[in-house]
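Inside the fold
Single-letter residue listing:
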Amino acid sequence: MIRKEENMFSLDNSAMLNMPDEDSINIGSYLYGSDSKPQPNRKAKQPDVIGILPIRNVVVYPGTVTPLAIGRKESRTLISDASQNDATIGLLVQKKPDIEAPGFEDLYSIGTTVSVLKVIKLPQGPMHIVVHGISRFKVLKIVSKKPYMKAKVQYLSTNIKMTKRLKALMVNVRNAAGRVIALSPNVPEEASLLLENIENAAALADFLAANLNVDIAKKQELLEELDVAKRLEQISLALAQQLEVLELSNKIQGQVRNSIDKSQREYFLQEQLKAIQTELGQKDVFNDEIKQIQQNIKKAKMPREVETEALRELDRLSKIPSASPEYSVIRTYLDWVCELPWSIQTEDRLDINKAQKILNQDHYNLVKVKKRILEFLAVRKLNPKGKSPILCFVGPPGVGKTSLGQSIARAMGRKFVRISLGGIRDEADIRGHRRTYIGALPGRILQELRKCKSKNPVFMLDELDKIGSDFRGDPASALLEVLDPEQNFSFSDHYLDQPFNLSSVMFIGTANYIEPVPPALRDRMEVIELPGYTETEKLKIAKKYLIPRQLREHGLKRGCCSIKDDSLLAIIHGYTREAGVRNLERNMASVCRSVATEIAKGTKRRMTITVKDLARILGPVHFESELALRTGIPGVATALAFTPVGGEILFIESAFMPGKGQLQLTGQIGDVMKESAQAAFSIVKANAKNLNIQSEQFSKNDYHIHVPAGAIPKDGPSAGVAIFTSLVSLLLGKPILPDVAMTGEITLRGLVLPIGGLKEKILAAKQAGIKTVILPARNRKDMTEVPAEAKKGMQFKFVKTTKEVLRIALGSD
């Protein structure tokens, strides 16, 4: 048997539709058959032994008319015999519908007796019958299985006692069923009328159970329930659940319908507005907009493949209503494409002498950088189509890396663009977002090019060493394509999705420290180091650049304020401790504000700042000479260190106390520096005899090495020499010469290896008043980078072994 279930509560009238007019069934019989008025003659003829017809996927209730499809051979035989003898047959539902040859054990024990009203035989396919449910029955005994199943049955009757509760249940299920019929679009209009005409409680329950959208097991449960009140309660619960689903579905359909109606209404009004404007002879705003975008595309002079893509998007735009969300997405994309500088660029100023003059006006010294820029201009003058260099300025804060980029742009006659990469963690900041995202935009590279309206600016990527990375991607990896001259001619932004030529852009990166920059990115750039300034350089920079700028910014004329050289030197020594000049300029601003206040009050017309005035204006001295911190105590050595903000001096302090020969290290020391201390301690123990140190001291004492300024992290191998010297000084009881500082990495063989940051370390020693600096012999070649002014008044001792270090530091063998 095959029957298609409806998706919601509905009246299945397929039986009525398939029956000819002469055999049509009256409405009352269709709805609830003879249960409203029982047919005694029919029930009297019902035998105790009847043929059993297995059915699946449908439950037939008493009083209902149901079409069935018969396919099995045994079932066809049963129908033929029943039709000839006008016999009653029993319908039992299969427990599992996929069983093709069911036995009694595969069927429910309670079913419905029916009479066959109509048999329709087709040349091909299953036999179709229409049956009318009569009453419930229960199988008592199996009689036979061939040629079809027969069983002895007991007929089940339903005793109905009409009570107030039963009447209330009938009213409740009738109302619920009426609301379900009203919300169901496929139910015939007469269904509500038929529902109202059912007065018998059992017939009402069977009618509703037959048309409920529940599974077969639940329907079988309703068939087996003989208590009409309980049956109606179960039906009421099922109707309530179905009604809730229908109401929610109806609400959703209403919302969708309103949304569609609104969009259609807007579209029709737009079309009507266009027609009205055409009749009045007014301009068509939409077509004018399309034409304007088309003109912008032609005017941009973009590459052919990009122009083809832009025109294709424009064609899509012309076919989309302006109220569509896709319209604004395409329109924004076309605006970006048209506004990018595909063919707009500034002409390079190739006058080498004039460019050199501009560079010298803006920055003092920086010979290496200026030389490299002039070389680029010379090459560009001889080969206009050459690739732009990709430079990276590395140096401490305040040495002029960013302002140098502005000077380069001014010297070359190009526009200047700067973006800060510090803290960037999202790759989309470089490459942009894809257009599928709401609010998508191109990356910072194309955004800044659009703002400057030039395809060949000087583009500064500031703070390369402070780029981060997380689950959203690695911006440093995205920069690999941008900073590679062999690839950036076809840079692809995710939003633009078309190649853009960056080969004419002069990229300049800046970093305080080159180590954090990924090696692959570092390899693509030409690194130029900008070391810190000497005392004399700072003095000249202050007089030539900082003071005039601060006087101008504070509204002071040049004659209103003068600062003597000794005052500037006092500020450099006592109020700043930096490689650059940023804090120096900040102090200059404080001095200018003090002068401006006095002049604004009218108390003075001009002022000359002396050393005595500094304490009143800037407060007490912030920094003192490190010489005041050194004493003649054995075990204290002066080391030189290199940091991202310039050179520093460090004090290595050693002490011993009774113990078992353990070594303790403090001062927030890194792993590399700890290893240097271990190596120094091992060298001292291994050479104790040669150093006139008693070996018993190592087993009876514990040793403690401390590097002051414990809040500052320290690392690196260059303090190895100082740690070794500090330990020897402690064990021998001989203090190190107070004006000696040292730097160098050591090995277990006692060799002194070269170090980096030589210029910065020597400048730090100069500022601290050091007279003698012990350096590795292999760093002698790097002394050419140290200014002559920094070397003045200092002695440099180049050593190869730790033995030479001790001879110089301790003043004896």
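Residues numbered from 1 in each chain as written. Predicted model: local features only at pLDDT ≥ 70, side-chain atom pairs only at ≥ 80, totals over all residues. Heavy atoms only, no water.

Scanning the protein from terminus to terminus reveals 29 helices and 24 strands. Its C-alpha atoms give the protein a radius of gyration of 49 Å, more than 25% over the compact-globule value 28 Å for 813 residues. By its C-alpha atoms, the protein is 135 × 95 × 60 Å across when sized along the principal axes. Burial statistics for the protein: of 813 residues in total, 47% are counted as buried. A fraction of 73% describes how many contacts in the protein between residues 6 or more apart in sequence connect residues 24 or more apart. In the structure as shown, the protein presents an accessible area of about 41500 Å², 51% of it carried by carbon and sulfur atoms. If you average the places of the 116 positive and of the 92 negative side-chain charges in the protein, the two averages end up 6 Å apart. (Helix = DSSP H or I, 4+ residues; strand = E, 2+ residues; numbered from the N terminus. Rg over C-alpha atoms; globule rule 2.2 N^0.38 Å. Buried < 20%, exposed > 50% of the residue type's maximum accessible area, 1.4 Å probe, protein only. Contact = heavy atoms within 4.5 Å. Areas by Shrake-Rupley, 256 points an atom, 1.4 Å probe, with all protein chains shown as cover. Lys, Arg positive; Asp, Glu negative; His and termini not counted. Charge placed at Lys NZ, Arg CZ, Asp CG, Glu CD.)

Put simply, helix 21 (residues 565-574) and helix 23 (residues 611-618) touch, their axes get as near as 9 Å, and they point 45° apart. With respect to each other, helix 21 and helix 23 are oriented oblique. In this structure, the crossing between helix 21 and helix 23 has a hand that is right-handed. From helix 21, Asp566, Ser567, Ala570 and Ile571 reach across to helix 23, where they touch Val611, Leu614 and Leu618. Among the residues forming the contact of helix 21 with helix 23, the class breakdown is five nonpolar, one polar and one charged. (Axes fitted to C-alpha atoms, helices over the stretch in contact; angles between N-to-C directions. Parallel < 35°, antiparallel > 145°, perpendicular 65-115°, else oblique. Left-handed = near helix turned anticlockwise from the far one by under 90°. Nonpolar A, V, L, I, M, F, W, Y, C, P; charged D, E, K, R; others polar.)

Moving on: the packing of aromatic side chains. By the definition in use, this model includes seven aromatic pairs. Between Phe681 and Tyr703, the ring centres sit 5.4 Å apart and the planes meet at 55°, which makes this aromatic pair tilted. Residue Phe681 is found in helix 24 (residues 671-686), and its partner Tyr703 is found in strand 19 (residues 701-706); the two are separated by 22 residues along the sequence. Both residues of the pair, Phe681 and Tyr703, belong to the buried class. Grouping aromatic residues by their ring pairs yields a cluster made of Phe656, Phe681, Phe698 and Tyr703. A cation sits over an aromatic face here: Arg435 above Tyr333, 3.8 Å from the ring centre. Between Arg450 and the ring centre of Trp336, over which it is positioned, the NZ or CZ distance is 3.9 Å. (Phe/Tyr/Trp six-rings, centres within 6.5 Å; stacked < 30°, edge-to-face > 60°. Lys NZ or Arg CZ within 6 Å of the ring centre and 35° of its normal.)

Take the packing of helix 11 (residues 304-318) against helix 12 (residues 325-339) next. The geometry of helix 11 relative to helix 12 is characterised by a closest axis approach of 10 Å and an angle of 150° between their N-to-C directions. When the interaxial angle is binned, helix 11 and helix 12 end up roughly antiparallel. Of the two elements, helix 11 crosses helix 12, and the hand of that crossing is left-handed. Contacts from Val306, Glu309, Ala310, Glu313, Leu314, Arg316 and Leu317 of helix 11 reach helix 12 at Glu326, Tyr327, Ile330, Arg331, Tyr333, Leu334 and Val337. A class-by-class count of the residues in the contact of helix 11 with helix 12 yields nine nonpolar, no polar and five charged.

Moving on to helix 24. One turn of the α-helix equals 3.6 residues, which is why residues spaced by three or four share an orientation. For helix 24, spanning 16 residues, the distance from its first C-alpha to its last is 22 Å, which sits close to the expected 22 Å at 1.5 Å a residue. Within helix 24 the residues assigned to the buried category are Met673, Ser676, Ala677, Ala679, Ala680, Phe681, Ile683 and Val684. (Expected span 1.5 Å × (residues − 1).)

Taken in spatial order, the five strands line up as 8-9-12-7-13 in an open sheet, and their pairing is parallel. In this open sheet, the two edge strands, each paired with only one partner strand, are strand 8 (416-420) and strand 13 (526-529). With direction set aside, neighbouring strand axes in the sheet form an average angle of 20°. Relative to strand 9 (residues 458-462), strand 8 runs parallel, the two being bridged by five bridges. Residue pairing across strands places Arg418 opposite Met460, the latter belonging to strand 9. (Pairing = 2+ DSSP bridges.)

Strand 12 (residues 506-511) sits mainly inside the fold: six of its six residues count as buried. The side-chain alternation of strand 12 yields two buried faces, one formed by Met506, Ile508 and Thr510 and the other by Phe507, Gly509 and Ala511. When strand 7 (residues 390-394) meets strand 12, the two strands line up parallel, connected through five bridges. Among the inter-strand pairings, Cys392 is bridged to a residue of strand 12, identified as Gly509. Examined bridge by bridge, strand 9 and strand 12 share four bridges and lie parallel to one another. Within strand 12, the position partnered with Val458 by the bridge is Met506.

Our next topic: helix 29 (residues 802-809). Every buried residue belonging to helix 29 is among Thr802, Val805, Leu806 and Ala809, and all of these are buried. In an axial view of helix 29, the angular spread of the buried residues amounts to 95°, which keeps them on one side of the axis. Its buried side turned inward, helix 29 meets helix 26 (720-732), strand 20 (740-742), strand 21 (745-746), strand 22 (752-753), strand 23 (772-776) and strand 24 (795-799). Where helix 29 terminates, the next one or two residues include Gly811, which has phi positive at roughly 80°. (Arc of directions from axis to C-beta.)

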